[in-house]
Every structure is written in C-alpha cells, then in structure tokens.
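Chain by chain, the residues run as shown.
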Amino acid sequence: MDSLQQRSSTVQEPPGAISDYRPTPPPAWQPRTDPAPLLPDTEPLRVLGTDAVADADPALLLRLYAELIRGRRYNTQATALTKQGRLAVYPSTTGQEAGEIAAALALEERDWLFPSYRDTLAAVARGLDPVQALTLLRGDWHTGYDPHEHRIAPLCTPLATQLPHAVGLAHAARLKGDDVVALAMVGDGGTSEGDFHEALNFAAVWQAPVVFFVQNNGFAISVPLAKQTAAPSLAHKAVGYGMPGRLVDGNDAVAVHQVLTEAVARARRGGGPTLVEAITYRIDAHTNADDATRYRAAGEVETWRAHDPILILERELTERGLLDEDGKRAAAEAAETMAADLRERMNADPVLDPMDLFSHVYAEQTTQLREQAAQLRAELEAEGEA
Amino acid sequence: MAQALQRAMRDAMAEDPTVHVMGEDVGTLGGVFRVTDGLAKEFGEDRCTDTPLAEAGILGAAVGMAMYGLRPVVEMQFDAFAYPAFEQLISHVAKMRNRTRGAMPMPIVIRVPYGGGIGGVEHHSDSSEAYYMATPGLHVVTPATVEDAYGLLRAAIASDDPVVFLEPKRLYWSKSDWSPEAPAPVEPIGKAVVRRRGTGATLITYGPSVPVCLEAAEAAQAEGWDLEVVDLRSLVPFDDETVSASVRRTGRAVVVHESTGFGGPGAEIAARVTERCFHHLEAPVLRVAGFDIPYPPPMLERHHLPGVDRVLDAVARLQWEAGS
C-alpha cells in the first residue's frame, strides 16, 4: 500500500497542462499543379466543317482520304474473311478508321505504336503488311512480324496491359537519349483496368514521352460508357495524374491528326505524356461473334452513320475542289487492289512447323522441352509413315 | 546473403550499363531488407529507381524497358505483394519471346523475397513458387547459400530469359566465409547440387528448407541414418539428372519445402522422381511440406513450417529396415 502510494505520488505532470494546449495549424496546403490547363475542353475538337479547316494542308487531307478508303475496304474484306473461315475472329473498326489511321500517321518512323487487338488498321497505316497484321486473328503464330522492324508492339489482347509497356519503352528511350515517342492505344472499356491507371501514373511521374489514345466507341462489347465510368469524360481522368487531357472528334481525321501531332511533339520535346480521348462509334458489332442488336438501337447506329469519317472528309475535299469522281475512283481502285491481294494471300493455307512449338519458349530449350520435342517428332514421323 | 545479393547487382550494373534496378523503396532506403543499399547512390536514380507503388506498373514498365534493350531487375518487396503483377508476368513477361517467335526476348529478373519464419504479419510470408513453376517461359531460381545468392543472381541478370528469383527471407542474415571481395563462381541456372553425401535416403529440397534438411541429416546420423541432401537451386528448369542419380543411389526420397503440399512443388518433384526411378525405389516418395492452409499468423508459424522433427519422422516412415 505504501509503495503504491509512493509510486502514484511520483507520476509526473505532462509538460504544459491540457488547458494550455493550443492547436498548431497544419502546414499550408496548395495544389501541386494548377489543374486548369490539364482539363479538356468541353467540346471535342472538330476541324472538318469549321473555319479551322482552311488551315489544313491539302496534301494531308488527300492522304488521309486515300488511307481511310483503304482502311474501310480492309475492314469489309477482313470481316468477309471471317465468314469464309479464313480468320478466327475480326474486331472491326468500321466507323473508327479516322482514329486508327490519323493517330498512326502522327508518328515519326522512329516512334513506337502499342496497339490493342482492335488496332490492326493503325498497324497497317504504319506500313505493316496487311497479312502479317492478321496472323494473330487467323490463328497462325501470335505475332506475324518482328516488332522492331516497324516499331509496332505485338497486338495486345489483355486489356490495357500494353500501356505500361509503352511507358517503359518511352522511358528507356529517353534514358538512352533517343527522342522516341510511344503511342499507346486503348478502348473505352480498357480505361477501367488497373493497368490503365498504373501506366498513366508512371508516365506522369516519369514524364515519359507517351501519348495515350483512347478511342471511345461507346461500348465495351455490350456495356455502354455510362456503366463503365462516372467521370465527366475519359479525358478528364488526365487531371488526376497531372497530365493534360484532350477531347477530339474521333471521326474527324484532320482533328485527330492535329491533336495527336501536338501531343507527340509535346512528348518529344520533354513535355511529358498526354491523354487523348477520341469520341467515335463502332458501326459493326464487337467482333463477328457478337450480336450488337441486343444492346443498341438501330436509330443510334444510323445517327452515327451520318457522321461517318469518310463522308465528312469527302464532303470537305469535294467542296474545296480537291476531289472529283476520278479521284474517288482512283482511291477506290487502290483499295480494291489491296483487298484482292489480301484475299488471295489469305486464301492460301499457312504452313506451320509443329516443331516450332518448342523453338521460342526459352533462349535455349530445357532438357524437359527437348524430351517433349523428341516425343512430338516421333509422333510426326509415325503420322508420316502411316 | 543480403550483402551477396547487393554485390551481385552492383557488379552486374558496373559491368553492363543496360542493367537497371527498380521497385518500391529500392533507391533512397535501399530496400526494406537493404538488399539494394547504396545502388542509387553509386549508379544514380536512373539506374536504381524508386517507382510508384504499383507492382503491375513496375513489371509492365520493365517489359517496355526490356523491349528497348535494357535489362531490368525488379524488386517485388514481399511474396504476396507480387500478385497484382501476375497478369504482366504470365501474359507478357513469360510469353513475349514466344509470341514474337524470338524477336522480343525479356531479360528481366523479378526478385521476390519469399517464405516465412521471420514473424511477418499476414501477406508477408507466402511461398508462391508453384504459381511461377506452372508458367512456361519463366525460370524459377532460389538460392540457399550466400555463395549461390551471388552466383545465381549474376546468372539470372545475364540470362536472356525472364527469371523469377526467389530470395528466402529468413536466410537474408545467414553468413558464410564468402567475401564480397573474393572471386565468386557464377552458377549456371538449372543445376542442382548435392549439399551432403549420404547413402540411406535423399532429401530433395531448396531455398529456406536447405538448412533444415542439413540439420536433420546431422541429427539422423545419431539414428544411424546416412542422408543425402540435394539443393535444387533451380525449380525451372528442373535438374532431373542430379535428382534421379541421387535417388537411384539411395533408393529413398523425401521432398521438403515450406510451400503447401497439395498441388505444390513437391507433387511435381515426387511424380518426376517416381517416373524416372520407380525400379530403384524401396519406398514411396514422401513429401514434407507446409500445411494446406493460408499462411498462419506468426505466433503459430512454427507449427506450420516443416522443421527437423517432421523431416526425421518422414525418414522413419520410409520403412528404414525392410519388413519392419
């Protein structure tokens, strides 16, 4: 008892009684970056049908037109090839050709493209052989080209996972002192994925020379944008990462080219990444395996058909006297030649060597793979003898 | 061991300017286990980079860096923190060479401190090797000695293929005569090593269970059991030759690891040994593994982790004397 009392009497008062306590204000807070310049405009940028089109270079307009005609024909031909069983699947970009092509054409040769599985047209616009672009979708080897040759990463099927690759490549290029820009393409659905977030965050923190190009075509397979995000626009997401967001009419090839060219130039001069959202529409279904009538109304599709990227560009070119019937015919014939060549080459059965199954798993085959390769070789020899 | 790993990265970075170390806390702090200590200071923040806290982003960016000719060495900090990066690892890192028919190799090392025994709280003690082993395209390597920590990490960084480099956390503080200044052998990936010669049975093990097995082998001597201990070092590729040769000599085998038993590495190893050595076996191949439970709280982990007694019990169950 004594000792307890003794102990309690030795308890020290804390320095300064509670009644003397005065809260210290926290350190002053202010935003680290002014958000205003990062916010997208309230309206998507349009050039065609506005006064701004007067500044557009006629040669660029004609080139975009020829490429769009070719791209549309590519889409219809590839879709036809799925019906003939020559392609396992084809995710069409009919109605989205402007975004695919104008974005790819904004890159310099030394730049890199990181396409999703839907972005075959962007790869072809960059110079890739149309057949090589389709090997994945045909069921032949996954990537039918050497990515280093055209600086096009493999078409990426898992959503948004190619975006961090674009950031890493652009970052590495900058570390090496090369003024290379990476263009990373993704759909509206892909913006919900974690890799989209991580890629944008890394790019902004590292100030990597990357342009993120979201083609918002309204639906992720069947799920409309309203069920995908509550953001004011996908371009608005940029401000959260500290990079500028830009909105563009994705069916206006000239506007897409302009916005992308500016974003690429900004990245190249060390200004960091940009997020561009192109508002467009997928006229066809998600793929040939999809029934789009289950989730969208015919009227909606027709509204967008009237805002077709080819129609609005053609109107401009015709009004300016840059395009006549002969010019249209020449573009159509060039596209037809491409389609005939594609048809003919896709009709030949590809020859695959089963032994290649073991060729590129590791730099050197493991003992286990050598054993399995020997097993397959024996099976093939037995088949040959049978 | 932590110092040997640090030295391996340092030597590799000094020799090859394309080697880049990256991860959460690897720079200024030197890693939570100090394995990357001093690298940022010596090579600069561009070569040893503190990244945002996002494992998929870290590994995804490493993929792009590898595409452009760099050799990233990525730290995942803790075993269970690597799971967000699984999609990048499985869909891209492991497959990129195959998808591009050899045009785009992925010379990435993914360093994962793994396993229990250090009193870590939930999500800090997983043994995730079976997930990695099940993915073609990845090498899976784990050192058990200080010498191997250096040699295998050097080999992993030099490899043109992706290597999941599993670092046994509880061996980070293990010591040996190895000196960072002495020349150290760089071990080729894929070779197991016999750590102790014996005639009565083979203990097949790796990583944190190697010291446990060596201790069990010493203890078994008192019982008159002469045990051989094989340290796999590399789970993928698997050294069938060394393992089979040992089991054929001894006629009995126990696989020991702290990962779960069901669908675990031991299931694969026991099956391989049985397929190759059936006529040499005097007893079924047994497994001593962690229980098939989520990693337990630290206060109970000693009951979960296979210890010397559990290994010795298994050896006894090999029906030591025929007919007994």
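Residues numbered from 1 in each chain as written. Chains lettered and ligands numbered in written order. Predicted model: local features only at pLDDT ≥ 70, side-chain atom pairs only at ≥ 80, totals over all residues. Heavy atoms only, no water.

### Here's the deal with the overall build of chain B
So, point 1. Each helix and strand counted, chain B has 12 helices and 12 strands in total.
So, point 2. Taking 20 Å as the expected radius of gyration for a compact globule of 324 residues, we find that chain B reaches 20 Å, a close match to that expectation.
So, point 3. In terms of overall dimensions, chain B has a C-alpha envelope of 65 × 40 × 40 Å along the principal axes.
So, point 4. Counting only residues that meet the buried cut, chain B has 63% of its 324 residues in that class.
So, point 5. The long-range fraction of contacts in chain B, counting pairs at least 24 apart against all pairs at least 6 apart in sequence, stands at 80%.
So, point 6. Carbon together with sulfur atoms contributes 53% to the accessible area of chain B, which is approximately 12,300 Å² in total.
So, point 7. Within chain B, one finds 29 positive and 43 negative side-chain charges whose respective centroids are separated by 4 Å. (Helix = DSSP H or I, 4+ residues; strand = E, 2+ residues; numbered from the N terminus. Rg over C-alpha atoms; globule rule 2.2 N^0.38 Å. Buried < 20%, exposed > 50% of the residue type's maximum accessible area, 1.4 Å probe, protein only. Contact = heavy atoms within 4.5 Å. Areas by Shrake-Rupley, 256 points an atom, 1.4 Å probe, with all protein chains shown as cover. Lys, Arg positive; Asp, Glu negative; His and termini not counted. Charge placed at Lys NZ, Arg CZ, Asp CG, Glu CD.)

### A short note on the overall build of chain A
So, point 1. The number of helices and strands found in chain A is 14 helices and seven strands.
So, point 2. A compact globule built from 386 residues should have a C-alpha radius of gyration of about 21 Å, whereas chain A, at 27 Å, is more than 25% larger.
So, point 3. In terms of overall dimensions, chain A has C-alpha extents of about 105 × 70 × 50 Å along its principal axes.
So, point 4. Within the span of chain A, comprising 386 residues, buried residues form 50% of the whole.
So, point 5. Intrachain contacts of chain A at a sequence separation of at least 6 include 76% that bridge at least 24 residues.
So, point 6. If you sum the accessible surface of chain A, you get close to 18,400 Å²; carbon and sulfur atoms cover 53% of it.

### As for the interface of chain A and chain B
So, point 1. At the junction of the two partners, chain A supplies 41 residues and chain B supplies 45 residues.
So, point 2. Of the roughly 3,500 Å² buried where chain A meets chain B, counting both sides, 62% is carbon and sulfur surface.
So, point 3. Applying the counting rule to chain A against chain B returns two salt bridges.
So, point 4. For Arg-276 of chain B, the salt bridge identified is with Glu-371 of chain A, shortest N-O distance 3.2 Å.
So, point 5. One can count 19 residue pairs in polar contact (both at pLDDT 80 or more) joining chain A with chain B.
So, point 6. Listed by contribution, the elements that provide at least two residues to the side of chain A that touches chain B are β1 (112-114), α6 (147-150), α7 (162-175), α8 (194-206) and α14 (367-385) of chain A.
So, point 7. Among the elements that line the side of chain A that touches chain B, the one with the most residues is α7 of chain A, at eight residues.
So, point 8. Across the side of chain A that touches chain B, the residue classes tally to 22 nonpolar, 11 polar and eight charged. (Buried area = accessible area lost by both parts, 1.4 Å probe. Salt bridge = Lys/Arg side-chain N within 4 Å of Asp/Glu carboxyl O. Polar contact = N/O pair within 3.5 Å; in protein donor to acceptor, adjacent residues only side chain to side chain. Nonpolar A, V, L, I, M, F, W, Y, C, P; charged D, E, K, R; others polar.)

### Remarks on the sheet that holds strand β12 (residues 286-290) of chain B
Residues and elements named next belong to chain B.
So, point 1. Within the open sheet, the five strands sit side by side as β7-β9-β8-β11-β12. Their pairing is mixed. With partners counted over all chains shown, the strands left at the sheet margins are β7 (193-196) and β12, one partner each. Taken pair by pair, the neighbouring strands of this sheet meet at an average axis angle of 25 degrees, ignoring direction.
So, point 2. Bridging between strand β11 (residues 253-260) and β12 involves four bridges; their strand directions are parallel. Pairing of Val-254 across the sheet is with Leu-286, part of β12.
So, point 3. Where helix α12 (residues 308-317) meets the sheet, its contacts fall on β8 (201-205), β9 (227-231), β11 and β12, and the angle it forms with β12 comes to roughly 160 degrees. (Pairing = 2+ DSSP bridges. Axes fitted to C-alpha atoms, helices over the stretch in contact; angles between N-to-C directions.)

### Examining the state of the cysteines
So, point 1. Applying the stated rule across the entire model yields zero disulfides over all chains.
So, point 2. There is no disulfide at Cys-213 of chain B, and the cysteine sulfur nearest it, in Cys-277 of chain B, is 18 Å away. (Disulfide = S-S within 2.5 Å.)

### What about the nonpolar core?
So, point 1. If you look at the biggest cluster of nonpolar residues, it comprises 89 residues, and the most contacted ones within it are Phe-212 of chain A together with Leu-59, Ile-108 and Leu-232 of chain B.
So, point 2. In terms of residue count, the dominant contributor to this core is helix α3 (residues 55-67) of chain B (eight residues).
So, point 3. Sequence-distant contacts of Leu-59 of chain B, that is, excluding residues within four places in its chain, are made with Val-74, Met-76, Ala-85, Gln-88, Leu-89, Val-93, Ile-108 and Ile-110 of chain B.
So, point 4. In terms of nonpolar packing, the next biggest core, distinct from the first, is built from 63 residues, Leu-183, Val-248, Ala-335 and Met-346 of chain A among them. (Core = buried A, V, L, I, M, F, W, Y, C linked by side-chain atoms within 4.5 Å.)

### Observations concerning the side chain of Asp-252 of chain A
Residues and elements named next belong to chain A.
So, point 1. Looking at the element boundaries, Asp-252 is found in the loop between β6 (245-249) and α10 (253-268).
So, point 2. Only 2.8 Å separates the side chain of Asp-252 from the backbone nitrogen of Leu-48, close enough to count as a polar contact.
So, point 3. Each residue touching Asp-252, except ones within four places of it in the same chain, is listed here: Arg-46, Val-47, Leu-48, Ala-98 and Ile-312.

### Regarding the sheet that holds β1 of chain A
Residue and element names in this part refer to chain A.
So, point 1. Reading across the sheet, the five strands line up as β1-β2-β3-β7-β6 and stay open at both edges, with parallel pairing between neighbours. Sheet topology places β1 and β6 at the edges, where each strand pairs with a single neighbour. Sheet twist, expressed as the average angle between the axes of neighbouring strands with direction ignored, equals 20 degrees.
So, point 2. As paired strands, strand β3 (residues 210-216) and strand β7 (residues 274-279) are joined by six bridges and run parallel to one another. Residue pairing across strands places Phe-212 opposite Leu-275, the latter belonging to β7.

### Quick notes on the packing of helix α3 (residues 97-105) of chain A against α10 of chain A
Residue and element names in this part refer to chain A.
So, point 1. Running from N to C, α3 and α10 point in directions that differ by 35 degrees, and their axes come no closer than 8 Å. As α3 packs across α10, the resulting crossing turns out to be right-handed. In this structure, α3 uses Ala-98, Gly-99, Ala-102, Ala-103 and Leu-105 to contact α10, whose residues at the interface are Ala-253, Val-256, His-257 and Leu-260.
So, point 2. Classifying every residue of the contact of α3 with α10 gives seven nonpolar, two polar and no charged. (Left-handed = near helix turned anticlockwise from the far one by under 90°.)

### Some remarks on the pairing of strand β3 (residues 71-75) of chain B
Residues and elements named next belong to chain B.
So, point 1. The buried fraction of β3 is high, at five of five residues.
So, point 2. In β3, alternate side chains face the same way, and those of Arg-71, Val-73 and Glu-75 on one face and Pro-72 and Val-74 on the other are all buried.
So, point 3. Where strand β1 (residues 19-23) and β3 come together, five bridges link them in parallel fashion. Each residue of the ladder has a partner; that of Val-19, found in β3, is Arg-71.
So, point 4. In this structure, β3 lies alongside strand β4 (residues 109-114), joined through three bridges in parallel fashion. Along β4, the bridge assignment pairs Val-74 with Ile-110.

### Some remarks on the pairing of β1 of chain B
Residues and elements named next belong to chain B.
So, point 1. Of all five residues making up β1, five are buried, and the element is well covered by its neighbours.
So, point 2. Here β1 shows a buried face lined by Val-19, Val-21 and Gly-23 and a second buried face lined by His-20 and Met-22.
So, point 3. Bridge count for β1 against strand β2 (residues 48-50) is three bridges, and the pairing is parallel. Bridging from a neighbouring strand, Val-21 pairs with Cys-48 of β2.

### Things to note about the environment of Gly-242 of chain A
So, point 1. Note on placement: Gly-242 of chain A falls in the loop between α9 (237-241) and β6.
So, point 2. Between the alpha carbons of Gly-242 of chain A and Leu-137 of chain A there is a distance of 37 Å; along the sequence they are 105 residues apart.

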